[in-house]
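Take a look at the letters that make up each chain.
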Amino acid sequence: MDRRAFLLAGLSLSACATLRPPAVSPAPEPRAELEPLQGFEVTRAGLVVRVRADGCTPAEDYVAYVDRTSRPATLAIARRRLRPCPPGAGLGYLTVTLPWSGLGLRPGEPVLLLNPVAAVR
């Protein structure tokens, strides 16, 4: 690899590292029928959400739906299926990371999160 190709590769990688994530904010009127979130965090890797869990629903069962027909775009998080849990399994929390690449959102794009949010961190 010559110096020019090395320099171009380095510049393109540094440009990717400095891109800011989409600007996610809670909707003014969240949809009560959606999965309530205990909090969310916007990171470079993706949107990290915290949900109540009973130990029977894995993180892979959570899916995000993005609607780009409205401005700003809207985002809803739901379970793919409800899994019955045996009595006494206990309640806790589950952290789910939704990568930006899977959501199809652009850096800095404003997005409204439609789920009810108990806390924002």
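Below is a short write-up of the structure. Computed from a prediction, not measured in an experiment: that's the story for all the values here. (Residues numbered from 1 in each chain as written. Predicted model: local features only at pLDDT ≥ 70, side-chain atom pairs only at ≥ 80, totals over all residues. Heavy atoms only, no water.)

1. So, the overall build of the protein chain
Here comes step 1: Looking only at helices and strands, the protein chain has 2 helices and 7 strands in total.
Here comes step 2: Taken from the N to the C terminus, the helices and strands of the protein chain come in the order α-β-β-β-β-β-β-α-β.
Here comes step 3: Taking the contacts inside the protein chain whose residues are at least 6 apart along the sequence as the reference set, 73% of them involve residues at least 24 apart.
Here comes step 4: Of the roughly 7,800 Å² of accessible surface on the protein chain, a fraction of 59% belongs to carbon and sulfur atoms. (Helix = DSSP H or I, 4+ residues; strand = E, 2+ residues; numbered from the N terminus. Contact = heavy atoms within 4.5 Å. Areas by Shrake-Rupley, 256 points an atom, 1.4 Å probe, with all protein chains shown as cover.)

2. Focus: the environment of Ala-45
Here comes step 1: Assignment of secondary structure puts Ala-45 in the loop between strand 2 (37-42) and strand 3 (46-53).
Here comes step 2: Separated by 52 residues in the primary sequence, Ala-45 and Thr-97 have C-alpha atoms spaced 8.2 Å apart.
Here comes step 3: Among residues more than four places away in sequence, those in contact with Ala-45 are Pro-99 and Trp-100.

3. Considerations on the nonpolar core
Here comes step 1: Among the nonpolar cores identified, the biggest contains 18 residues, and Val-24, Leu-47, Val-49, Ile-77 and Leu-113 are the most heavily contacted of them.
Here comes step 2: Take this core: its biggest share by element is 4 residues, from strand 3.
Here comes step 3: With sequence-adjacent residues up to four places away left out, Val-49 is seen in contact with Leu-37, Gly-39, Phe-40, Ile-77, Leu-94, Thr-95 and Val-96. (Core = buried A, V, L, I, M, F, W, Y, C linked by side-chain atoms within 4.5 Å. Buried < 20%, exposed > 50% of the residue type's maximum accessible area, 1.4 Å probe, protein only.)

4. Examining the side chain of Thr-57
Here comes step 1: One can find Thr-57 in the loop between strand 3 and strand 4 (62-67).
Here comes step 2: Note on Thr-57: relative accessible area 7%, which makes it buried.
Here comes step 3: The contact partners of Thr-57, leaving out residues within four places of it in the chain, are Tyr-62, Arg-79, Arg-83 and Leu-94.

5. Concerning the environment of Val-49
Here comes step 1: Take Val-49: it is sitting in strand 3.
Here comes step 2: For Val-49 and Gln-38, which are 11 residues apart along the polypeptide, the C-alpha to C-alpha distance reads 7.5 Å.

6. A closer look at the sheet that holds strand 5 (residues 73-79)
Here comes step 1: Read from one edge to the other, the open sheet built from 4 strands follows the order 1-7-5-4, with strand pairing classed as mixed. In the strand order of this sheet, the two ends are held by strand 1 (23-26) and strand 4, each with one partner. Strand-to-strand twist of the sheet, defined as the mean angle between neighbouring strand axes without regard to direction, takes the value 30°. (Pairing = 2+ DSSP bridges. Axes fitted to C-alpha atoms, helices over the stretch in contact; angles between N-to-C directions.)

7. A word on the side chain of Glu-109
Here comes step 1: The topology assignment puts Glu-109 in the loop between helix 2 (100-103) and strand 7 (110-113).
Here comes step 2: Taking relative accessible area as the criterion, Glu-109 reaches 6% and is therefore assigned buried.
Here comes step 3: Engagement of the side chain of Glu-109 in a polar contact is seen with the side chain of Arg-68, the distance being 3.1 Å.
Here comes step 4: If sequence neighbours within four positions are ignored, Glu-109 has contacts with Pro-22, Ala-23, Arg-68, Arg-71 and Ala-73. (Polar contact = N/O pair within 3.5 Å; in protein donor to acceptor, adjacent residues only side chain to side chain.)

8. Observations regarding the packing of aromatic side chains
Here comes step 1: For the coordinates displayed, the defined rule picks out 0 aromatic pairs.
Here comes step 2: Over the ring of Tyr-93 we find Arg-50, and its NZ or CZ is 4.1 Å from the ring centre. (Phe/Tyr/Trp six-rings, centres within 6.5 Å; stacked < 30°, edge-to-face > 60°. Lys NZ or Arg CZ within 6 Å of the ring centre and 35° of its normal.)

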